[in-house]
Each structure stands twice: as structure tokens, then as C-alpha cells.
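# Summary of structural features
Listed here are the chains, written in short residue letters.
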Amino acid sequence: MKATAEPVVHIDDDRFKVTEWRFAPGAETGWHRHGHDYVIVPLTDGTLALDHPGGTRTEARLTQGVPYSRRTGVEHNVTNGSDTAPLAFLEVEVVDDALARRRKATMERLAAAFNARDLDALMACMAADCAFHASAGPDAEGTRHIGRDAVRAAYAAVFDGFTQSEWGEARHIVDGDAGLSFWRLRATDRAGRKLDVRGCDIFAFDGDLIALKDSYRKARV
Ligand code: NI
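Residues numbered from 1 in each chain as written. Predicted model: local features only at pLDDT ≥ 70, side-chain atom pairs only at ≥ 80, totals over all residues. Heavy atoms only, no water.

### Describing the coordination of the nickel ion
Distances from the nickel ion to its protein donors, namely His32 (NE2), His34 (NE2) and His76 (NE2), fall within the range 1.9 to 2.1 Å. Along the chain, the residues donating to the nickel ion are arranged with the sequence spacing H-x1-H-x41-H. Placement of His32 in strand E3 (residues 32-33) and of His76 in strand E8 (residues 75-80) is noted, with a sequence separation of 44 residues between them. Owing to a relative accessible area of 9%, His76 belongs among the buried residues under this scheme. (Donors = N, O, S within 2.8 Å, 3.2 Å for Na, K, Ca; no water. Helix = DSSP H or I, 4+ residues; strand = E, 2+ residues; numbered from the N terminus. Buried < 20%, exposed > 50% of the residue type's maximum accessible area, 1.4 Å probe, protein only.)

### Focus: the packing of aromatic side chains
All chains considered together, the criterion is met by six aromatic pairs. Note on Phe132 and Tyr155: the rings are 5.1 Å apart at their centroids and 50 degrees apart in plane angle, and the pair reads as tilted. Of the two residues, Phe132 is situated in strand E10 (residues 126-133) and Tyr155 in helix H3 (residues 148-161); the sequence distance between them amounts to 23 residues. Of the residues examined, Tyr155 reaches a relative accessible area of 0% and is grouped as buried. (Phe/Tyr/Trp six-rings, centres within 6.5 Å; stacked < 30°, edge-to-face > 60°.)

### Points about the sheet that holds E10
Spatially, E11-E10-E15-E14-E13-E12 is the arrangement adopted by the six strands of the open sheet, whose pairing is mixed. Both outer strands of the open sheet, strand E11 (144-146) and strand E12 (162-175), are each paired with one neighbouring strand and no more. Strand after strand, the sheet turns through a mean of 20 degrees between neighbouring axes, direction not considered. Sheet topology note: the E10/E11 ladder contains three bridges and is antiparallel. Its bridge partner lying in E11, Phe132 is registered against His145. Packing against the sheet, helix H1 (residues 96-116) makes contact with E10, E12, strand E13 (178-189), strand E14 (194-206) and strand E15 (209-217), and its axis sits at approximately 170 degrees to E12. (Pairing = 2+ DSSP bridges. Axes fitted to C-alpha atoms, helices over the stretch in contact; angles between N-to-C directions. Contact = heavy atoms within 4.5 Å.)

### Thoughts on the pattern of salt bridges
Where charged atoms from two side chains of opposite charge come close, those side chains can pair. Counted according to the given criterion, the structure contains 16 salt bridges. A salt bridge links Arg57 to Asp51; the shortest N-O distance between them is 2.8 Å. Classification of Arg57 by relative accessible area gives partly exposed; the value is 48%. By relative accessible area, Asp51 is classed as buried at 15%. (Salt bridge = Lys/Arg side-chain N within 4 Å of Asp/Glu carboxyl O.)

### A look at H1
Compared with the 30 Å implied by 1.5 Å per residue over 21 residues, the 31 Å span of H1 between its first and last C-alpha is a close match. Among all positions of H1, only Ala98, Arg103, Thr106, Met107, Leu110, Ala111, Ala113 and Phe114 are buried. Following H1 by one or two positions, Arg117 adopts a phi angle in the positive range, close to 55 degrees. (Expected span 1.5 Å × (residues − 1).)

### What to know about empty space enclosed by the protein
Empty space left among the atoms is revealed by rolling a probe the size of a water molecule over them. One pass over the full model with this rule turns up one cavity of 30 Å³ or more. Within this model, the largest cavity holds a volume of roughly 100 Å³. Around the largest cavity, the lining residues are Met107, Leu110, Ala111, Phe114, Trp167, Ala170, His172, Ser181, Trp183, Asp201, Phe203 and Lys213. Of all elements in the fold, only H1, E12, E13 and E14 reach the threshold of two or more residues within the lining of the largest cavity. With four residues, the single largest contributor to the lining of the largest cavity is H1. Taken together, the residues that form the lining of the largest cavity break down as eight nonpolar, two polar and two charged. (1 Å grid on protein atoms, 1.4 Å probe; cavity = no way out; pocket = protein on both sides within 12 Å on 5 of 7 lines; lining within 4 Å. Points joined across faces, edges and corners; volume = space filled by probe spheres on them. Nonpolar A, V, L, I, M, F, W, Y, C, P; charged D, E, K, R; others polar.)

Coordinates in, geometry out; function isn't part of it.
Spelled out as C-alpha cells, the structure:
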């Protein structure tokens, strides 16, 4: 059995994970898939033997201090190609995209909950301290619903206003602390009138959850 490379974690916070990998001669990392974009900074010269899915093997020369970058999704087993010399590099992973992915997943769950008319599922997407600014209302922000009880009541009123509703063609974008969802609302109101308009939500987050849903939609005239 081959020796296993030794990981030493130097930084592990909400934005970066920095791991020093120390390889004895012939040691390997084992198969792994990279979940983040990353930069490798060789701490020594050396040769890596890289096993790839499908059974191919390549070699990569490492030069001390000369970095290279790779993207999320790389899958391989990495071995120190030398039988005599140890090898080491720093792996710098950008992990704040993990938060962005969790936020996008929250937006997808919210959209699904609207289409399922599921109030509990909707509120599970909202932060403890949350608000909903409706697309219409007396204020510059529309109608402002502040706090979980008010937000839940406002979401219930949205469902009550439509006998049928579907937020389709959804697309979700996260950029830093902001989220943007585009959608097309096709609905029928209590009076039997059909609605078919595009709109969007601008989100602010508290951690993974939505602190503010700020809604906009087209008015057909
Ligand atoms: Ni790797």
C-alpha cells in the first residue's frame, strides 16, 4: 500500500482554505474531486503523477514558487512521482463560492415553494429577521411587510389573490450579498382575470437565508 500525503490546514475560514500537502516519496492523496476553484503553490521542485478518471496517467513538473490554477470539478489521484525526494505544495481554495451556492439553492427552494403554494417551505427560506417588499403599494418600496408573521401573512395573501399561479422560466443569480431571480408569472385572479407578466426579486441574505425579498413586476396597460 502506498503512503498517504499529509494535509496540514493553515487557514480555514469563510473565504479561503489553505492546505499544505506534504508527500513522502511515492505518497498519494487518494482519489478526490475539487469542489472549489484553487491555486497550487509548489513549496519544492518535483514531479506529480496524476491519475485521471478513465485510467489515464500524466505527469506534471512542479517548480518551487511557480503557481498554477485549476477550476472546480477536477477529479484525480495525485502521487509524488519521485521514489527518493519528498514534495510539498500549498493548495489555496476559494471557498466563498460555497456560500453563493447555498444562497442560490435557497432561491431555488423559494421558487419551488411558491409554485407548490407551501407557506411552511417558503418561511423555511426566510431568515429569523426578514422582510418582504411587495411589487405594489403606497410606498416607494411597494408595501413593506416586516417580520416573519407579516411576511407569512403577505405570502398567504399572494396565494389567496390567485386561484392559480405559476412562477415559471426562473433564473437565479447570486453576486456577493445580493441575489436576483427572474421569473414569468402566469396566474388567474379571484375575478377570473389572467395575468402573464415578467418580474424579478432582488434578495438580501442573512447567511444562507433570505433577509429581504424585494419584488418587481411589469404592469400591463
Ligand atoms: Ni487535487
